[in-house]
Amino acid sequence: MKKKIIAVALTAVVALGSLVGCGSASNSSSGSTGETLVVGTNAAFPPFEYVGDDGKPDGFDVALIKAIGEKAGFEVQIQDMEFDSLVSSIGNKIDVAIAGMTVTEERKKTVDFSDSYYEAVQDVIVAKGSNIATADDLKGLKIGVQLGTTGEFIADEIEGAEVAAYNKAVDAVNDLNNGRVDCVIVDKNPAEVFGAQFPDQVDVLPGTNFDFEPENYAIALPKGNTELAEKINAALKALKEDGTYDSLVKKYIEE
Ligand code: ARG
């Protein structure tokens, strides 16, 4: 999907996001052939997940987990919810989560992770013409982030920063455009989508300019369920080998 189309889809995310509630709890047994795998996501994170024109979650992660389901023999059911609720919902409302989620030591206390499927970094979105350029410039600023994300954890460590956490990253970008925050820290690919959505208002600065560390995205899994982990990892490996993974990268991320 092209960035401009994603930008349009983003409007749908804003419009529909609040209508897509969290519904029934999972009663599936994960991963067995023909059974349902309830997958949590937060469809406000293009190009990895957003609400498509048909009102259903779409994006790289959604396509990837469906392909994994096909290989591993379970039917994938997507559940859209707040990003901040995903980890604690694994094992009760949902079976697993795919949401551009970075592997962190803190999260590993609660969940296991699949093999990593994407490397990213946090970028910094600033108002056009801003003179924010290096890590030092972030000190003491008002920084917008998505609640419960690694962007928030990074912002929390910045000296003197005042952190404003939003349920959706796009709300932080809207507040940047309104002058309510000085910058937004968010993952690179969504940052680029937002940059394309507001080309006259913002610039997207690479996180490497601010010494941010690379991050690895993986699927969050119930702790200790090695059988499910093995199935998902085997399917992911097969999709990398047969070219499906690359074609999804092309379709959703690179175009
Ligand atoms: N990679 C970041 C993290 O793990 C942000 C992920 C946000 N994902 C989403 N679907 N909203 O914290």
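We now turn to the structure provided with this report. (Residues numbered from 1 in each chain as written. Predicted model: local features only at pLDDT ≥ 70, side-chain atom pairs only at ≥ 80, totals over all residues. Heavy atoms only, no water.)

1. Quick look at the sheet that holds strand 13 (residues 202-205)
Now for step 1: Strand order in this open sheet of five strands is 11-10-12-9-13, and the pairing throughout is mixed. Two strands lie at the open edges of the sheet, namely strand 11 (162-166) and strand 13, each paired on one side alone. Mean inter-strand twist for the sheet, computed between neighbouring axes without regard to direction, equals 30°.
Now for step 2: Pairing geometry for strand 10 (residues 142-146) and strand 11, over five bridges, is parallel. Bridge assignment links Q146 to a residue of strand 11, and that residue is Y166.
Now for step 3: Across the face of the sheet, helix 6 (residues 169-177) comes into contact with strand 9 (122-127), strand 10, strand 11, strand 12 (183-187) and strand 13 while running at roughly 155° to strand 12.
Now for step 4: Contacting strand 9, strand 12 and strand 13, helix 7 (residues 188-197) crosses the sheet at an angle of about 130° to strand 12. (Pairing = 2+ DSSP bridges. Helix = DSSP H or I, 4+ residues; strand = E, 2+ residues; numbered from the N terminus. Axes fitted to C-alpha atoms, helices over the stretch in contact; angles between N-to-C directions. Contact = heavy atoms within 4.5 Å.)

2. Observations regarding the pairing of strand 9
Now for step 1: In terms of burial, strand 9 is largely enclosed, as five of its six residues are buried.
Now for step 2: The pairing of strand 9 with strand 12 spans five bridges and is classified as antiparallel. Within the sheet, the bridge partner assigned to I125 lies in strand 12 and is V184.
Now for step 3: One ladder, built from four bridges, connects strand 9 with strand 13; its direction is antiparallel. Bridge pairing in strand 13 links A127 to V202. (Buried < 20%, exposed > 50% of the residue type's maximum accessible area, 1.4 Å probe, protein only.)

Geometry only, nothing functional implied.
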